[in-house]
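Here is how the chains run, residue by residue.
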Amino acid sequence: MPKIKKKGQAGAAKNYITRTQAVKKLQLSLPDFRKLCIWKGIYPREPRNKKKVSKSATASTTFYYTKDIQYLLHEPLLQKFRDQKVLEKKISRALGRGDVSDAARFERHAARPEATGKPRYTLNHVIRERYPTFNDALRDLDDCLSMLFLFANLPSTSAVPAKMIARCERLCLEFQHYLIVSHSLRKSFLSIKGIYYQANIQGEDILWLVPYKFNQRIVGDVDFRIMGTFVEFYMTLLGFVNYRLYSSIGLKYPPKFDQLKDENGAELGAFSLEGVNMATQGETKAVTNGEEQQGPDPKVQAEVDKIIKQLKEDESKSDETAEEDAEADDEEKPTDSIDKFEPVAPGGDVLPQPAYSSNDPSQLFANFTFYLSRETPRQPLEFILRAFGCKRIGWDSVLGEGAFTNDESDPSITHHIIDRPVVQAATNEDGDGEDNQTAQKVGPNQRYPGRIYVQPQWVWDCVNDEELKSPELYAPGAALPPHLSPFVKAAPGQYDPTLPLEAQQTEAEAIEADLEDAEKDGAEEGSDVENDMDVDEAEDDEEEEEGDEKDAEEAEEEDAEEDEEESKTLQRQRELEAELQGKKVQNKKVDSKTKAKLEQRKVLEKKAREEAEDLERAKGMLSKKKRKLFEQMQYTNNKKSAQDEKLRAKRRKLEKEKAQKA
C-alpha cells in the first residue's frame, strides 16, 4: 500500500513559510527579523500559487523559503538580539519599580553605542559569509558607495545620528584617497541627480552616484530605519574593502586623521597617508615591512653581472645580423603602421586600439596649477584633479583648509576655473593690458594675464575624452558644448549626438527640411497678390495639369487627382485664413528645385505605401502568436524611431537658429 501523503507536508506548502510564522520560529521582533534578513541577504519570495501554499493567504501575505529561515536559526546575531531584548526588559522593570539607579547601572554595562561608541555586535562574519572573495565584494560596491555618499551629505536628525554621518563621510574620503593614489578613476558625468563616477579596481568597473552639496531636506515619508540597516551593513563592507585596497598598495589603514583640519573643512586634506613604516606625503613609496635594508650577496651579484654581460653580447650579435639582413633585402621596407582591431560584424564590440602616443591619462593635469573660484564646486573638482595627477590646487580660504595657495594672484597658477559671466582682462592706468605674470592687483571681475580661464565642464570633458580640450570652447560666458554621458554607447541606427545630422537623418526628413526652408524663403521674398488673382492662377494651373495628365497611366492619374484635391484644399484653407486675418494671399512661386523635391517626396510616399501593403500581406501568412510578437516588435521600433526623429528635429531647429544668429 503506498504511503498516504498528508496535506501541508510536501510540495509548495513545505517549501514556503509566511513572515509571521518565521518571526515566531526565530523568536524575534519584526524590526530585528527585518534587520537580520537584510544583513544575511534573504529576501521575500513569490510562490506560483499562493492558495497551494496557504489557503488563508491574501495578496499582502509575504512568503520566505523555509530553508532560508532554517539557515537563520544558527545565526550568532540571534543571541545578541535576545540579550538586548532581555536587557530592555530589565531596564523597563527597574523603571517601573522606580529604581532609577538599577536602570542606570543596566544601561551603563550594556555598552550602548550612544554612550561609548562601541557596537553591541559586529557584522564581520556576515561580510565574510556573503563575499567569499574580494572580487565579489567589488562587484557589490556600487550600491554601497551610492548609499554612503548620500548619507554623508545628510543633516543629522533623530533618525540619522551624527556619528553615522561622520563615519560615512570618513569612509568615503578614505576610498577617494585610494582612487587618487592608484589613479583608478576613469570617467565622470554631471547629471540632474548628482555626479556619476566610474572607477576600475582590479579589473572591475564600479559606478556610483554622489549628490550635489546642497542643503538636504529630510522628508517624513522615507523609512530611515530600513535605510539605516543597509548603511550599517555597507559601512562594515566598505571598511573591509578599504583595508584590502590600502594593503594592496602598501599603505597603512586607517590613515592618520586630523580632526582640527576636518572641522575647518579640509576634507581630503585632513588625511595623511603612510606606508607600512614611513610617512608618504601624497605618493606611495617602497616599504620594507620594518626590516633593515641589506646589501646583496657578493657571489650572487657577480653571477648576475656575468649573466647581464652575456645578454649584452647576444644583443650586439643580433643587431649585426639584423643589419646584414636589411642590406640584403633592400626592397622590404619596414612600415610604421600599427595593427587595428576592427569588429568582424557591424555593431560588434569595439576594442581599444593601440596608439603611438605614450601620454598617460592618469597624469592629464600633472603639469598644471589650478585655482578654484568661490562659486565652483570645490569637492568634486579637487577629487577629479587629484585623481588625474594634479598636485597643486588652490582656492579661497572661505572654501576651507588644505589648499596649495589661497592667494588668487599667485603667478604659478596656470588654470583658473570660474563659473561667472565674462571676465575682463586687467589693464593698467594707460589702458594697456599687462603682459607679465607678477603679483598684480586687479579689480573685481577682471582676469590675470597669462592665465587660462575655463568653466568647470572643461575638467569633466577632458577626463572623459582622455585629452585636453580646447579652452576657447569653455571660456567664461561662452555657450558650452553639450555634456554627453560617457556611459552610453550609441547603438547602430539610433540617434548619436556626436555625428553630424546629415549622416543620420533619413531621406524623407532631409526633403521635408529643404521644403520648409524653401517655403520660408518664398514667404519672405514673395509678393502679395489679391485673392481673386490667386484663384484665377490656381484655375489656370489646374487646366494645365489636366492637359498634361492625358497621356499618363491610370494609377498615376489617380495619384495626380489626389494631389490636386489636396492642393485645392490647402489653397482654400490659405484663402480662408487670409480673409479672417484681413491679409492678402501670397503668390507662391515654385522653382525647379522645389518641384524636384516635391516629386521625390511623392516617390518616397508611394514607396512607403507599397512597403506597408507588402508587410500587411506578409503578416497575414503568420500564425496568431507570431503575428502578435511581430506587432510588438514593430511598436517598439516605431516608438524608438519617433523619439530619434524628435531629437533630430530639435537639433535641426537649434542649428538653424545658431546659423541665423551667426
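Read on for a plain summary of the structure. (Residues numbered from 1 in each chain as written. Predicted model: local features only at pLDDT ≥ 70, side-chain atom pairs only at ≥ 80, totals over all residues. Heavy atoms only, no water.)

1. Notes on helix α6 (residues 77-97)
We count it as follows: Put simply, DSSP marks the helices as runs of H or I at least four residues long and the strands as runs of E at least two long, and each gets a number from the N terminus on. Working rule for helices: expected span equals 1.5 Å times residues minus one. Three exposure classes are used, based on accessible area relative to the maximum for each residue type with a 1.4 Å probe and protein chains only: buried under 20%, partly exposed in between, and exposed over 50%. Contacts are residue-level and defined by heavy atoms, with any inter-residue pair within 4.5 Å sufficient.
The end-to-end C-alpha distance of α6, which contains 21 residues, comes to 31 Å, matching closely the 30 Å that a straight helix rising 1.5 Å per residue would cover. Among all positions in α6, only Leu77, Leu78, Phe81, Gln84, Leu87, Ile91 and Ala94 are buried. Structurally, α6 contributes buried residues whose contacts are with α2 (19-26), α3 (30-40), α5 (66-72), α7 (100-108) and α9 (124-130). Following α6 by one or two positions, Gly98 has its phi on the positive side, about 85 degrees.

2. Some words on empty space enclosed by the protein
For clarity, the threshold we go by: Here a cavity denotes grid points, spaced 1 Å and computed from the protein atoms alone, that fit a 1.4 Å probe unable to get out, and a pocket denotes an open set having protein on both sides within 12 Å along at least 5 of 7 lines; residues with an atom within 4 Å of a point are the lining. Grid points are joined across faces, edges and corners, and a volume is the space filled by probe spheres set on the points. As a working rule, the residues Ala, Val, Leu, Ile, Met, Phe, Trp, Tyr, Cys and Pro are called nonpolar, Asp, Glu, Lys and Arg charged, and the rest polar, with Gly in that last group.
Here the structure, examined in full by the defined rule, presents 2 cavities of 30 Å³ or more. Quantified by volume, the second largest cavity comes out at close to 40 Å³. Lining the second largest cavity, in full, are Gln27, Leu28, Ser29, Asp32, Phe81, Arg82 and Lys85. No other element matches α6, which puts 3 residues into the lining of the second largest cavity. In terms of residue class, the lining of the second largest cavity is made up of 2 nonpolar, 2 polar and 3 charged.

3. Notes on the packing of aromatic side chains
Aromatic rings in a pair are described by how distant their centres are and how their planes are angled relative to each other. Short version of the rule: Put simply, two rings from Phe, Tyr or Trp (the six-membered ring, in Trp's case) pair if the centres are within 6.5 Å, and we call them stacked under 30 degrees between planes, edge-to-face over 60, tilted for the rest. Whether a charge sits over a ring depends on NZ of Lys or CZ of Arg being within 6 Å of the ring centre and within 35 degrees of the ring normal.
Counted under the stated rule, the structure contains 21 aromatic pairs. An angle of 85 degrees between the planes, with centres 5.4 Å apart, marks the rings of Phe33 and Tyr64 as edge-to-face. Remark: Tyr64 occurs in strand β2 (residues 63-65) and Phe33 occurs in helix α3; sequence separation between them is 31 residues. We note Arg244 situated over the ring of Phe134; from NZ or CZ to the ring centre the distance is 4.8 Å.

4. What to know about the environment of Leu207
Structurally, the position occupied by Leu207 is in strand β5 (residues 204-210). Sequence spacing of Leu207 and Asp143 is 64 residues, and the spatial spacing of their C-alpha atoms is 8.7 Å. If we skip the residues at most four places from it in the chain, Leu207 touches Asp142, Tyr196, Tyr197, Gln198 and Phe487.

5. Some remarks on helix α12 (residues 162-182)
The end-to-end C-alpha distance of α12, which contains 21 residues, comes to 31 Å, matching closely the 30 Å that a straight helix rising 1.5 Å per residue would cover. Where α12 terminates, the next one or two residues include His183, which has phi positive at roughly 55 degrees.

That is the geometry; function is a separate question.
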